[in-house]
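The residues making up each chain are set out below.
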Amino acid sequence: QTGAVSEIDCKACPSGFWVTDKGAIRCNACIQGTRGTGVSKTTVNSGCIQCEQGKYLDQVGQIECKHCSAGKYNPNIGSIKIDKCIDCDLGQYQKSTGKHECKKCEPGQSTSGKTGSDSCLLCDAGKYERDRNCHECESGRYQDGLGLTECKNCSVNYYLSELGKKTSAECK
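Cut-off values and rules
- Residues numbered from 1 in each chain as written.
- Predicted model: local features only at pLDDT ≥ 70, side-chain atom pairs only at ≥ 80, totals over all residues.
- Heavy atoms only, no water.
- Pairing = 2+ DSSP bridges.
- Helix = DSSP H or I, 4+ residues; strand = E, 2+ residues; numbered from the N terminus.
- Buried < 20%, exposed > 50% of the residue type's maximum accessible area, 1.4 Å probe, protein only.
- Contact = heavy atoms within 4.5 Å.
- pLDDT = per-residue confidence, 0-100.
- Disulfide = S-S within 2.5 Å.
- Salt bridge = Lys/Arg side-chain N within 4 Å of Asp/Glu carboxyl O.

1. Looking at the pairing of strand β13 (residues 127–130)
Sheet topology note: the β13/strand β14 (residues 133–136) ladder contains 4 bridges and is antiparallel. Counted as the bridge partner of Tyr128 is His135 from β14. Taking the residues between adjacent antiparallel strands as the criterion, β13 and β14 are bridged by 2 residues, where Asp131 takes a positive phi near 55 degrees.

Structure representation (structure tokens):
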């Protein structure tokens, strides 16, 4: 027969697409928030899977979900927008992409008052860490080390009237 399509002419749906009916003229695309699972799938359930936590997908018919960037996380599955990638809170960081949670900074470290950090920094000399932030040492105290959680007192009979001092030699 002229114009007839044989099974040899039929093509398998690529990953990211699926089809249920024999004789279909096109494949159906996996929707946003889902990615393809392989070639020649016959149902949406076998052909598409929701994006994992830490990822999203804002396009249809794709085989890979997009990763949230470093400094962000996504606790949800099946996300369709990048705005589901949330900045890590103050005092938390995420150095890797595509993650579902952030990590807390170690004691003596902070994210320098910023959200969405991909790392933590040691508190400088003259400062100490409290409540996930670095603070200047109070009057009468100093800090000559890095990454510590409290300042040192000046010796008896010595004082410091200024904030953020870095050495005991500054005590008068």
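This is not the end of the story, as more comes after the structure.
2. Looking at unusual backbone geometry
Phi is positive for Ser112, which is not a glycine, with a value near 55 degrees. The exposure class assigned to Ser112 is partly exposed, which follows from its relative accessible area of 44%.

3. Some remarks on the environment of Ile31
Checked against the element boundaries, Ile31 lands in the loop between β2 (28–29) and β3 (34–36). The class of Ile31 is exposed, set by a relative accessible area of 58%. A sequence separation of 13 residues divides Ile31 from Val44, and the C-alpha atoms of the two residues are 9.4 Å apart. Not counting residues within four places of it along the chain, the set of residues in contact with Ile31 comprises Gln59 and Val60.

4. Thoughts on the confidence of the model for the protein
As a note on interpretation, predicted positions should not be read in detail where pLDDT is low. Averaged over every residue, the pLDDT of the protein is 91; the share at 70 or more is 95%. In this model residues 1–6 is a low-confidence stretch, pLDDT under 50, and it forms 1 contact with partners more than four residues away in sequence or in other chains.

5. Considerations on the state of the cysteines
In a disulfide, the sulfur atoms of two cysteines are held together by a covalent bond. Evaluation of the coordinates by the stated rule reveals 9 disulfides. Covalent S-S linkage joins Cys88 and Cys102, the inter-sulfur distance amounting to 2.0 Å. Between Cys88 and Cys102, the S-S torsion sits near -80 degrees, and that sign places the bridge as left-handed. Of this pair, Cys88 sits in the loop between β8 (86–87) and β9 (92–93) while Cys102 is found in the loop between β9 and β10 (103–104), placing the two residues 14 residues apart along the sequence. Taken as a pair, Cys88 and Cys102 share a single burial class, namely buried. Here Cys123 connects covalently by a disulfide to Cys134, the sulfurs 2.0 Å from one another. Judged by the sign of its S-S torsion, about -85 degrees, the bond between Cys123 and Cys134 is left-handed. Of the two residues, Cys123 is situated in the loop between β12 (121–122) and β13 and Cys134 in strand β14; the sequence distance between them amounts to 11 residues.

6. Description of the pattern of salt bridges
In total, this model carries 9 salt bridges according to the counting rule given. Salt-bridge contacts for Glu138 lead to Arg141; the nearest nitrogen and oxygen are separated by 3.9 Å. What makes Glu138 partly exposed here is its relative accessible area of 31%. Taking the shortest distance from any N to any O, the salt bridge between Glu170 and Lys165 comes out at 3.4 Å. Of the residues examined, Lys165 reaches a relative accessible area of 18% and is grouped as buried.

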